[in-house]
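This is what each chain is made of:
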Amino acid sequence: MDDRLERFVRTAFRSAGHRYAEAREAYREGQTAADLPRDEAGRVRIVCRRAAERRAVAVDDEGRPDCFESGHPDCEGCAEDVREGVVETW
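By convention here, each chain's residues receive numbers from 1 onward along its written sequence. Whole-chain, interface and lining totals are the exception, using all residues; otherwise, since this is a predicted model, local features are given only for residues with pLDDT of at least 70 and side-chain atom pairs are given and counted only at 80 or more. Note that water and hydrogens are dropped before the side-chain values are worked out from all heavy atoms of the structure.

Caption draft 1: Quick peek at the overall build of the protein. By the criteria applied, helices consist of DSSP H or I runs no shorter than four residues and strands consist of E runs no shorter than two, each listed in order from the N terminus. Along its length, the protein carries two helices and two strands. In the protein, the succession of α and β elements from N to C terminus is α-β-β-α. Every radius of gyration here is taken over C-alpha atoms, with the globule rule written as 2.2 Å times N^0.38, N being the number of residues. By the compact-globule yardstick of 12 Å for 90 residues, the protein is too spread out, its C-alpha radius of gyration being 20 Å. The principal-axis extents of the C-alpha atoms in the protein amount to approximately 65 × 30 × 20 Å. A burial count over the protein gives 19% of its 90 residues as buried. The contacts of the protein with a sequence gap of at least 6 include a subset with a gap of at least 24, amounting to 39%. Between buried and exposed lies partly exposed: a residue is buried under 20% and exposed over 50% of the maximum accessible area for its type, with that area taken using a 1.4 Å probe on protein chains only. Note on contacts: a residue pair is in contact if any heavy atoms of the two residues lie within 4.5 Å.

This is the structure in structure tokens:
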């Protein structure tokens, strides 16, 4: 392969990789930065489906509250709603 063509392809792939990483990060930030009410510590204020109580919780990168229990139907639904920004809040 010609050196110029090889450099062009390498540069194009590197640039595409950087754009992909930036878009992926922006998408991740957009998912977790939904317009949900937060307390002064930055925790999301939700109403827990499982315990039927108000909670201020931190949310991880995957949109799961720190009280999340894998496999529990209420927790699974809550995490999905938090990611979509439609969870019941206070």
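Caption draft 2: Broad picture of helix 2 (residues 73-84). One less than the number of residues in a helix, times 1.5 Å, gives the span that helix is expected to have. Between its first and last C-alpha atoms helix 2 spans 17 Å; for twelve residues at 1.5 Å apiece the expected length is 16 Å, and the two agree. Inspection of helix 2 places Cys75, Gly77, Cys78, Ala79, Asp81 and Val82 among the buried residues, and these make up the whole buried set. Tucked into the core, helix 2 has its buried residues touching strand 1 (44-48).

Caption draft 3: The pattern of salt bridges, seen in detail. The rule for a salt bridge is simple: a side-chain nitrogen of Lys or Arg has to be within 4 Å of a carboxyl oxygen of Asp or Glu. By the definition in use, this model includes seven salt bridges. A salt bridge links Glu62 to Arg64; the shortest N-O distance between them is 3.1 Å. Owing to a relative accessible area of 48%, Glu62 belongs among the partly exposed residues under this scheme.

Caption draft 4: Layout of the side chain of Asp81. Note on placement: Asp81 falls in helix 2. Apart from the residues within four sequence positions on either side, Asp81 is in contact with Arg49, Val86 and Val87.

Caption draft 5: Highlighting the side chain of Asp39. Tracing the backbone through its elements, the reader meets Asp39 in the loop between helix 1 (3-32) and strand 1. Two N or O atoms form a polar contact when they lie within 3.5 Å of each other; inside protein one atom must be a possible hydrogen donor and the other a possible acceptor, and for residues adjacent in sequence the pair counts only when both atoms belong to side chains. A polar side-chain atom of Asp39 sits 3.0 Å from the main-chain amide nitrogen of Ala41. When sequence neighbours within four positions are dropped, the list of residues in contact with Asp39 reads Arg45 and Ala56.

Caption draft 6: How the structure looks around unusual backbone geometry. Here the phi dihedral of Ala52 falls at roughly 50 degrees; this positive angle occurs in a residue that is not glycine. For Ala52, a relative accessible area of 66% translates into the label exposed.

Caption draft 7: Expanded view of the pairing of strand 1. Among the five residues in strand 1, four count as buried, and that is most of the element. The criterion for strand pairing is that DSSP finds at least two bridges linking the strands in question. Note that strand 1 and strand 2 (residues 53-57) share five bridges and pair antiparallel. Bridge assignment links Val47 to a residue of strand 2, and that residue is Arg54. Between strand 1 and strand 2, which pair antiparallel and follow one another directly, the connecting turn spans four residues, one of which, Ala52, has a positive phi of 50 degrees.

On their own, these measurements won't tell you what the molecule is for.
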